[in-house]
Every structure is written in structure tokens, then in C-alpha cells.
Amino acid sequence: MKRLGNALFVLAVAAVVLWSLGPFLWQVVTSLKPTAEVVKVPPTYWPSHPTLASYVKIFSTRPFGTYILNSVVVALATTALCSVVGTLAAYAFSRLPLPGGEWAVRSILFVALFPPTILVVPLYKLVQALHLLNNPLGLILPYTALNLPFSIWVLMTFFKAIPRDLEEAAAIDGLSRWQTLWKVVFPLAAPAVATTAILVFIFSWNEFLLALIFMSQDAARTVPVGIAMLSGVTMYEVPWDQISAAVVLTTLPVVALVLAFQKRIVEGLTAGAVKG
Amino acid sequence: MSRDRAHAGFGPREAAVNWSFAVPALLLMALVNLLPVVAAFRYASGFHRLSADGRMFASLWNTVRFTAYAVSIETVLGLAIALLLTRPFKGRGLVRAAVLVPWALPTAIMAMAWQWIYNPEYGILGDLLFKFGLVSSPRVAWLASPGSAMAACVLADVWKTTPFMTLLFMSGLANIPDELYEAAGIDGAGPVRRFFLITLPLLKPTLALAMVFRAIQSFGVFDLVWVLTGGGPGGSTRMIALYVYDNVFRYLELGYACTLTLVMAACLLVMSAGILYFTRQKEQA
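Residues numbered from 1 in each chain as written. Chains lettered and ligands numbered in written order. Predicted model: local features only at pLDDT ≥ 70, side-chain atom pairs only at ≥ 80, totals over all residues.

Brief notes about unusual backbone geometry
Threshold: Numbering of helices and strands runs from the N terminus, with a helix taken as a DSSP run of H or I at least four residues long and a strand as a DSSP run of E at least two residues long.
In the segment running from V41 of chain A into P42 of chain A, the intervening peptide bond is cis, with an omega of -5°. By secondary structure assignment, the location of P42 of chain A is in the loop between α2 (35-38) and α3 (53-61). Note that the residue after G232 of chain B, namely P233 of chain B, is joined by a cis bond; omega there is -10°. As for its placement among the helices and strands, P233 of chain B is situated in the loop between α11 (223-228) and α12 (240-249). A positive phi is found at N134 of chain A, a non-glycine position, where the angle reads about 60°.

Set out below in C-alpha cells:
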């Protein structure tokens, strides 16, 4: 009976893992097939002659390198800006005497509840007015702002855990607030900043709606939009071999991040969501 | 000591210096999160058209259905997976990481992956179901009929967002003291009784919070459906966010799109009132 229970347990865990990774793995398999085999009926579950031809094709026949470069620039810049600005704000909200601070944090969290979908139309007008359409800044600034509430909240919960004695000692030693933040608090908070940075990077790497609307020129597009536009030419000539190669290349960094930093990501997400 | 000093010398100047740390963040958020709301009211036009806009009501109804299906399935599935993964076993860390993967992957890109799974000619879903004898032909046009297109969107969304639920539930489950289960075990309560007597009541605040939070997110769904079905066939999966997008870029009615945005915001306000209600309950408990 116990043995049967254990077998069922293993089976259930295996099913959950297969369900979670299946759609990604199916893209990996598809991307390794020769073009003709991709559209074979019935589908083969393993490539007969594994090849990297599709990967070569997306770089030689499409501006996939440009998409990746755009995505890297936008995601890294957003992560850096969000970390700096968010750390400063979280420090003020959690450690400095701040009249009205509590109220500000509450309104920030309230604003963060709403999906960006409802901001996008007026935001489009704004970005247009600032002449930032098809400019990486047109994504970096909104992404930073959209990620700030979450980052500030997560960083605050970590800052609150740092003992106050250290800052008091720093104050006795005559350090200014800036010096205290830079020399005492920031090194201690570095793991927390890294946690939020990973999450912000993933969010910006994945974002689609703003990227679709603000970056209309092919040369300015980020990877998700670039890939979604790979189809679109006609219904019947969708280049699935190339799409699957592009999907794998784009998702691989995220999968690697998740496997490497699983604990941190879980920590950051639960700190952000449960306590919020 | 420093706190005394801080309080002794705490004046408007001091407060201004402290606030200055938060100014860059507040400015950015005001620009991106608040200004558009003000602008939406300014640009909004065509309020009188709302009551006769059948497409809007249809897309609101689609969104409500999508949200109801997706969130309820995600909650049950998320809870089941969370319960499964609380039991310690070898390699649990790796399994938890694998379970988290769908949440971290780009929604729009994975919508392409799902489109490939649903492909009427070469799709793996039709082939698998055919091999198990569940459909009469491997060629099923999942995205071509209204009912199955909606189901396909829900399934892809469930795949994508269940990890978030699982994650929240796992941390909720970790907060339930073991002694309660031990006491129930001594009293002779089986696993099913323990689930209904202890797990479910103690997890209720987490469940409620996660569901309302997900419902708000799901109400704004765009990427997944836009890539997967484009709102078709025949508008049967057109969500409210897709309708707003259509108004901007297809019908070039920016003013009316802003009005629709406000309608959406109003719906979401009602839902977040729900959140506040639930969190207050949590504090009382």
C-alpha cells in the first residue's frame, strides 16, 4: 500500500514536471528538426537528423541579432535604473523619518495593482509627445516605472530586517545619510537588490504590449515582438522551424536564470506578493 | 542616540532631504502611472456610444468568462501542485524550479509555442489525443471554432500562471504550524479530514488574496490572446484589452479607446475593492 502510494507520488511529480516543461521542450525538439521534418504528418517526437540549421537561418535571413541586442539594452538598462532608483526610495521609506511616507507607500502599492493594459493608450500619446517612439528610452522609462512599486516593496521588506545599530554607529561616526546608505546599508542589502534585479530583468525581457505599440520600426523591436511578427506574413507560410529556434534562444536565458536562482526568485516573489 | 538626534533636529529641511531619496522614483511613477490616467480623462470621447456598443459588451463578457475559467482552474491546480511539493523528497529543489519555469517565460513567445501545439495540421495536441483514442482524427482546428478557441486560451493561460499560484500556496502552507497536523493525527483525523479541517481554513486568506490578485491581472489579458487567436474566430475570444487595441490601431479611434480604458479601470476598481475587503479580513483573523 505504501509502495503504491510512493509510485503514485513519483508519477504525479513526473506529470507536473512534464506539464511545466513540455511546451518549452517541444519547441527545442522542433527547432532541431530539418525544415522538411517540421511539417511532417504525423509529427515525429524526436528529430531524425538533429540540425542547427534553423538557428543559423534566423540570424542570416532575419534581423534576429538586432532584436536580441535591443532586448538586452532595454532589459539591462531597466534593471540598472530600477535598482538604483528603487534602492534609494526603499531606503527612504523604510529607514528614514519621513512625514507622509506611509501614505506614499500605500498609494504606490495601490497603483501597482492595475495591469499596464489600462495605461497603454494615454502612455502611447505621452511617449509620442516626448519623441521617444522607436527609441529604447521609450521602453526603459516606462518599464522602470512599472517595476518600481514591486521593487520598492520587496527591498523595503529586506531593509527592515537590517539591524538599526549599524546605522546608529555610522551616525555616531559622523557619516551622512548618503555615506551610510552607500557604505553600510547597501553592501548588506546587496543580495536583496540582486533578487529584485533578477525579477526586473525577467519582466523587462518578457514585456510585450508596450514593446509592440511603441516600437513600430523593425530595427527598434525587442525579441518577443520580433518573434510574434515572424508569423503574420500569410496564414499558410508560417516559418515554424525558425520560430521554434527563436523561441528557444529567447527563453533559454530565462530558463537558466530560473534554474540558477530559484530560491531567490521564490523569496522575492513571496516577499512582494504575500506581504503586499 | 541617533534617533534622539534625528528627532531633536527634525525640521522641514530634514524632511526634504529624506524625501529627496524617494524623488526620482516618485517622479518616474507619476509620469508613467499617474499622468496617463489624467490624460485618459482628457482624451476620452464618445461616452454616449458606450451603451449601444455591442462589441464592448461582448468583449467584457469574454473577459469575464476567460477570467472565471482561468482563475478557478489555476487555483485548484496550483493548490494540488503546492500540496504535492510540500512533502520533502530528493530533488525537490529542482522540481520546484521546473514548476516555476512557465511563469518566468515570455507570455507572447510562449503563446507562439502554444499556437504550434494547437496547429491543425502538425500540432502535437491533436496527434497525442488521437493516439490515446480521444479524438477521431489528429487534425483538429482548435483555434477555429469559438468554444475550443476559448478553451485553448484558458489552457495556455493556466499553464503560464499556475506557477504563481503554486508559489503563493507553498509559502502559505509553510506557515501552517506542524503541531496542528500532529494534534489532528492523534485525534485520528485522516488526510482528507485534515485538509478540510486545517489546511483549507488556514489557507483561506492566501487563497482569497491570490485569486483576486490573479483575477485583476487576468482581466487585463492581452499578449496571450492577441498572439494565439487575435481575438477570433468571429470575435469569440476578443478580450476587452484587445478591443481597446483595435480601437487605437484598427479603427483609429483614440478618444473612444481612452473611454474604454476608463471603463476597464472602473471594472478593476470594483475588483480591487474586493482585495481591500479580503485583506481587512486577513488582518482581523
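Don't stop here, the text continues.
Concerning the nonpolar core
Stated formally: The nonpolar core criterion groups buried Ala, Val, Leu, Ile, Met, Phe, Trp, Tyr and Cys residues into a set whenever they are joined through C-beta atoms within 7 Å. Exposure classes come from backbone-placed C-beta atoms, where a residue is buried if 20 or more other C-beta atoms lie within 10 Å of its own, exposed if 12 or fewer do, and partly exposed in between. Note that contacts rest on C-beta atoms placed from the backbone: two residues are in contact if these are within 7 Å.
The biggest cluster of nonpolar side chains holds 159 residues, and the ones touching the most others in it are A89 and I152 of chain A together with M112 and L228 of chain B. Of the residues forming this core, the biggest block, 15 residues, is contributed by helix α7 (residues 137-159) of chain A. Every residue in contact with M112 of chain B, bar those within four places of it in the chain, is listed here: I227, A228, I243 and V247 of chain A together with V227 of chain B.

Observations concerning the environment of P191 of chain B
All names here are of chain B. The residue P191 is located in helix α10 (residues 191-219) in this model. Classification of P191 as exposed rests on a count of 11 C-beta atoms within 10 Å. Separated by 10 residues in the primary sequence, P191 and Y181 have C-alpha atoms spaced 9.3 Å apart.

Here we look at the packing of α7 of chain A against helix α3 (residues 23-43) of chain B
Rule in force here: What counts as an axis is a line fitted to C-alpha atoms, over the stretch in contact for a helix, and the angles between N-to-C directions run from 0 to 180 degrees. Angular relationships are summarised with four words: roughly parallel below 35 degrees, roughly antiparallel beyond 145, roughly perpendicular across 65 to 115, and oblique for the angles in between. The crossing is said to be left-handed when, going from far helix to near helix, the turn is anticlockwise and less than a right angle, and right-handed when the turn is clockwise. Lys, Arg, Asp and Glu make up the charged group, whereas Ala, Val, Leu, Ile, Met, Phe, Trp, Tyr, Cys and Pro make up the nonpolar group; the residues left over, Gly among them, are polar.
Taken N-terminus to C-terminus, the directions of α7 of chain A and α3 of chain B make an angle of 120°; their axes are 9 Å apart at the nearest point. With respect to α3 of chain B, the axis of α7 of chain A lies oblique. Relative to α3 of chain B, α7 of chain A is oriented so that their crossing is left-handed. Packed against α7 of chain A, whose contacting residues are L141, P142, T144, A145, L146, L148 and I152 of chain A, the element α3 of chain B presents A25, L28, M29, L31, V32 and N33 of chain B at the interface. Residues belonging to the contact of α7 of chain A with α3 of chain B are distributed by class as follows: 11 nonpolar, two polar and no charged.

Focus: the interface of chain A and chain B
Contacts between chain A and chain B engage 75 residues on the former and 72 residues on the latter. Of the residues forming the side of chain A that touches chain B, the biggest block, 11 residues, is contributed by helix α1 (residues 2-31) of chain A. Broken down by class, the residue content of the side of chain A that touches chain B amounts to 60 nonpolar, 12 polar and three charged.

Regarding the domain arrangement of chain B
Short version of the rule: Residue ranges for the domains trace back to a domain assignment, done automatically or taken from a database.
For chain B, the domain assignment lists domain 1 (1-43) and domain 2 (47-284). One C-alpha centre belongs to domain 1 of chain B, the other to domain 2 of chain B; they are set 36 Å apart.

Examining the packing of helix α12 (residues 240-260) of chain A against helix α6 (residues 107-117) of chain B
The contact between α12 of chain A and α6 of chain B brings their axes to 10 Å, and the two run at 140°. Between α12 of chain A and α6 of chain B, the interaxial angle falls into the category oblique. Helix-helix and strand crossings are classified by hand; for α12 of chain A and α6 of chain B the assignment is left-handed. Mapping the contact onto sequence places W240, I243, S244, V247, T250 and T251 of chain A in α12 of chain A and I109, M112, A113 and W116 of chain B in α6 of chain B. Of the residues that constitute the contact of α12 of chain A with α6 of chain B, the class distribution is seven nonpolar, three polar and no charged.

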